[in-house]
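Overview (structure and organization)
Residues per chain, in single letters:
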Amino acid sequence: MNRREFIKKSISYSCILFFTAFSPLKSLFAYDTSSKLHEASFYTILSSSRVQCQLCFRRCVIDERKRGFCKARENKNGKLYSITYNRPVAIHIDPVEKIPFSHFYPGTDVLCIGTAGCNLMCLNCINWHFALKAPDDVENLSYYPEEVVNIVQEKNLTTICFTYNEPTMCYEYMRDVFKLAKKQGIKTVFHSNASMNVEPLIALLPYTDAIIADLKAFNNDFYIKNCSSILDPVLSFLKIVKKNNIWLEIVNLVIPGLNDNKEDIKKMCTWIKDNIGAETPLQFSRFFPTYKLTNLPPTPISILERAHAIAQESGLHYVYIGNVSGHPYANTYCPSCSKILIERKGLLVQQNNIKDGNCRFCGHKIHGIWEKRR
Ligand code: SF4
């Protein structure tokens with residue numbers, strides 16, 4: 001067994017597999033430089049030295065030896081390469097509630113993976129120390145797709161999730177992991193800022209079981225000022241996921257004074273109901289001061305409860321408050337008889353009263369993916 005194999009074996013038998021540039025263990029896990037760059041899947045050649053990436057809404061035009069906005073895709077000799085293939089910076093076993101799914105195998109654990117790079121630049125980014133860095137500026141692990149799937153099998157987990165940074169930044173890696181995982185009956189999910197372009201998204205959906213998407217605000221100015229982004233691609237992404245019958249849940253991080261406007265929240269909820277469906281779970285998540293927004297207070301609970309009330313009045317069936325431990329709106333309630341279906345304390349499921357996809361008390365159908373199938 002060589003050193004690399006030894007390190008991996010050690011990792012696969014530990015419960016916690018988390019690694020970032022700040023980890024005291026980082027010297028053990030230096031990136032394996034023998035790994036090859038991986039040619040990108042969605043780009044067009046504009047000239048002998050210039051390409052255009054087609055993966056996300058930015059459609060970066062990239063000159064020779066340059067990278068796109070995300071720092072994760074590079075033009076080398078007129079070809080575009082993914083710099084993050086096989087190069088996670090974080091691998092961790094998390095409860096599915098942390099992703100945060102509410103209607104997808106509650107109470108199960110998930111292997112979560114993230115890489116460096118992002119196509120947005122959110123002022124409230126909680127993982128800025130690797131998500132907003134180039135892959136070369138953080139230390140990386142080296143895991144081939146089959147090795148990722150092996151960990152899931154050894155740990156007897158149900159699901160693989162790409163999260164922590166925007167998974168579009170490691171699109172080819174995620175796709176290849178998902179393809180292998182599906183062959184083994186493993187569920188595949190990702191948490192996205194929902195700004196991937198239509199063509200790569202449609203190509204990925206046959207290998208995807210569920211998606212959590214951020215809808216950061218229903219206000220283009222917020223996207224421009226807070227995220228260096230725009231709203232429209234997000235709405236298109238959500239509609240395509242829904243149209244393709246992939247299970248979808250939406251998260252809205254409520255930042256006090258920036259996106260907590262009542263009218264915008266009302267418009268957002270109405271849009272979700274009309275375009276994605278009243279059965280789509282929507283979580284209002286509590287903001288805590290971080291990165292460039294340390295000047296703001298945590299979101300007052302009353303603001304989250306006001307947003308929750310607006311969503312319910314708008315006709316959404318499953319509305320949650322996240323990031324507030326012990327809040328009653330962390331629970332799932334039956335839209336018909338109002339009884340508690342899933343009781344949550346923090347990230348733990350205390351009771352689950354959904355039986356065969358229905359409310360145990362009144363038999364009402366509860367939308368979601370409930371059975372653990374592995
Ligand atoms: S994925 Fe990266 S390189 Fe490609 S268009 Fe988006 S930001 Fe630009």
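Refer to the structure above for everything that follows.
Throughout what follows, the structure given in this document is the object of discussion. (Residues numbered from 1 in each chain as written. Predicted model: local features only at pLDDT ≥ 70, side-chain atom pairs only at ≥ 80, totals over all residues. Heavy atoms only, no water.)

Observations concerning the pattern of salt bridges
- Taken as a whole and judged by the stated rule, the model has 13 salt bridges.
- Between R73 and E172 there is a salt bridge, with the nearest N and O atoms lying 2.6 Å from each other. Here the residue R73 occupies a position in strand β5 (residues 73-76), and E172 occupies one in helix α4 (residues 171-183), the gap between them amounting to 99 residues. Accessibility classification places R73 together with E172 in one group, the buried group. (Salt bridge = Lys/Arg side-chain N within 4 Å of Asp/Glu carboxyl O. Helix = DSSP H or I, 4+ residues; strand = E, 2+ residues; numbered from the N terminus. Buried < 20%, exposed > 50% of the residue type's maximum accessible area, 1.4 Å probe, protein only.)

Some thoughts on the pairing of strand β3 (residues 50-53)
- Both strand β2 (residues 43-47) and β3 contribute to a ladder of four bridges, which runs antiparallel. In the sheet register, S47 faces β3, and the bridge partner there is R50.
- Connecting β2 to the antiparallel partner β3 that follows it, the hairpin turn spans two residues.
- Judged from the three bridges that link them, β3 and strand β4 (residues 61-63) form a sheet pairing that is antiparallel. (Pairing = 2+ DSSP bridges.)

As for helix α6 (residues 220-227)
- Considered for burial, the residues of α6 that qualify are F222, Y223, N226 and C227. Angularly, the buried residues of α6 cover 100° about the axis, an arc narrow enough to put them on a single face.
- If you follow the buried residues of α6, they end up packed against β11 (210-214) and α7 (232-243).
- Near the N-terminus of α6, the side chain that reaches the backbone nitrogen of D221, with its oxygen 2.9 Å away, is that of N219.
- Positioned one or two residues after α6, S228 has a phi angle of 55°, which is positive. (Arc of directions from axis to C-beta. Contact = heavy atoms within 4.5 Å. Polar contact = N/O pair within 3.5 Å; in protein donor to acceptor, adjacent residues only side chain to side chain.)

With respect to the sheet that holds β2
- Reading across from one edge, β2-β3-β4 is the order of the three strands in this open sheet, with antiparallel pairing throughout. Bordering the open sheet on either side are β2 and β4, each of which pairs with just one other strand. Mean inter-strand twist for the sheet, computed between neighbouring axes without regard to direction, equals 30°. (Axes fitted to C-alpha atoms, helices over the stretch in contact; angles between N-to-C directions.)

Quick word on the environment of K267
- Topologically, K267 is positioned in helix α8 (residues 262-275).
- For K267, a relative accessible area of 47% corresponds to the partly exposed category.

Some words on the packing of aromatic side chains
- Tallying each qualifying case throughout the model produces nine aromatic pairs.
- Consider the rings of F218 and W271, whose centres lie 6.1 Å apart with planes at 45°: the pair is tilted. Taken together, the residues span a long stretch of sequence, with F218 in the loop between β11 and α6 and W271 in helix α8 at a distance of 53 residues. Each member of the pair F218 and W271 is classed as buried.
- Their ring planes at 85° and their centres at 6.4 Å tell us that F222 and Y223 sit as a pair that is edge-to-face. (Phe/Tyr/Trp six-rings, centres within 6.5 Å; stacked < 30°, edge-to-face > 60°.)

Here's the deal with the packing of α8 against helix α9 (residues 301-313)
- Where α8 meets α9, the axes come as close as 9 Å, and the angle between the chain directions of the two elements is 40°. As summarised for this structure, α8 and α9 are arranged oblique, according to the angle between their axes. Seen along the crossing, α8 lies across α9 with a hand that is right-handed. Contacts between α8 and α9 involve K262, I265, K266 and C269 from the first element and R306, A307, I310 and A311 from the second.
- Across the contact of α8 with α9, the residue classes tally to five nonpolar, no polar and three charged. (Parallel < 35°, antiparallel > 145°, perpendicular 65-115°, else oblique. Left-handed = near helix turned anticlockwise from the far one by under 90°. Nonpolar A, V, L, I, M, F, W, Y, C, P; charged D, E, K, R; others polar.)

What to know about the sheet that holds strand β17 (residues 348-352)
- An order of β15-β16-β17 is seen for the three strands of this open sheet, with the pairing classed as antiparallel. Two strands in the sheet have a free side with no partner beyond their single neighbour: β15 (332-333) and β17.
- As defined by bridge partners, β15 adjoins strand β16 (residues 340-345) across two bridges and the pair is classed as antiparallel. Bridge pairing in β16 places Y333 opposite I340.

A short note on the pairing of strand β13 (residues 282-286)
- Counted residue by residue, β13 has five buried out of five residues, so it is predominantly covered.
- Alternating residues of β13 divide into L282, F284 and R286 and Q283 and S285, and every residue in both groups is buried.
- In this fold, the crossover linking strand β12 (residues 247-254) to β13 by way of α8 has right-handed handedness.
- Of the strand pairs in this sheet, β13 and strand β14 (residues 319-322) are connected by four bridges, and their pairing is parallel. Within the sheet, the bridge partner assigned to L282 lies in β14 and is V319.
- Taken together, β13, α9 and β14 form a β-α-β motif whose crossover is right-handed. (Right-handed = clockwise from strand over helix to strand, strands pointing away.)

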